[in-house]
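Here is what each chain is made of, one letter per residue.
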Amino acid sequence: STKHLQMANKTIVASEAQWSGIIKLDKVCTEGQFEVFNSEGGWTFLLRKPMPQAFRTIHDYTNDSIKIANDS
C-alpha cells in the first residue's frame, strides 16, 4: 500500500500492506479493508466503521477489549 497513516500523537506511519475482502463471524457477513502497519506495540488490531456496526461490537474501556454481540 502507498498510504500513510497519522497516529494519535501526530506521527506519520507508512502502511506496509492492504487487505480487502469479506469477513464472516458466525451469521454476520460484511466487507472489510485493513491497512497493515507497524504500531510499535501500540495496537493489536484497529476496527474502523462500518465493521464495528456490522458486528455490533461492544468496547469495554476498563480492560480495553472488544466483544462481538451475540443474539443467540
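Residues numbered from 1 in each chain as written. Predicted model: local features only at pLDDT ≥ 70, side-chain atom pairs only at ≥ 80, totals over all residues. Heavy atoms only, no water.

A short note on a nonpolar patch on the surface
And then number 1: Residues Leu25, Phe45, Leu47, Ile66 and Ile68 make up a contiguous nonpolar surface patch of about 440 Å² in total accessible area.
And then number 2: As for its placement among the helices and strands, leucine 47 is situated in the loop between strand 4 (28–36) and helix 1 (51–54).
And then number 3: By relative accessible area, which is 35% here, leucine 47 ends up partly exposed. (Patch = residues over 30% accessible without salt bridge, like charges linked within 9 Å, V, L, I, M, F, W, Y side chains within 5 Å. Areas by Shrake-Rupley, 256 points an atom, 1.4 Å probe, with all protein chains shown as cover. Salt bridge = Lys/Arg side-chain N within 4 Å of Asp/Glu carboxyl O. Helix = DSSP H or I, 4+ residues; strand = E, 2+ residues; numbered from the N terminus. Buried < 20%, exposed > 50% of the residue type's maximum accessible area, 1.4 Å probe, protein only.)

Quick look at the pairing of strand 6 (residues 65–68)
And then number 1: When strand 5 (residues 57–60) meets strand 6, the two strands line up antiparallel, connected through four bridges. Following the sheet pairing, aspartate 60 is matched in strand 6 by serine 65.
And then number 2: Hairpin connection between strand 5 and strand 6: a loop of four residues separates the two successive antiparallel strands, and aspartate 64 in this loop has a positive phi of roughly 50 degrees. (Pairing = 2+ DSSP bridges.)

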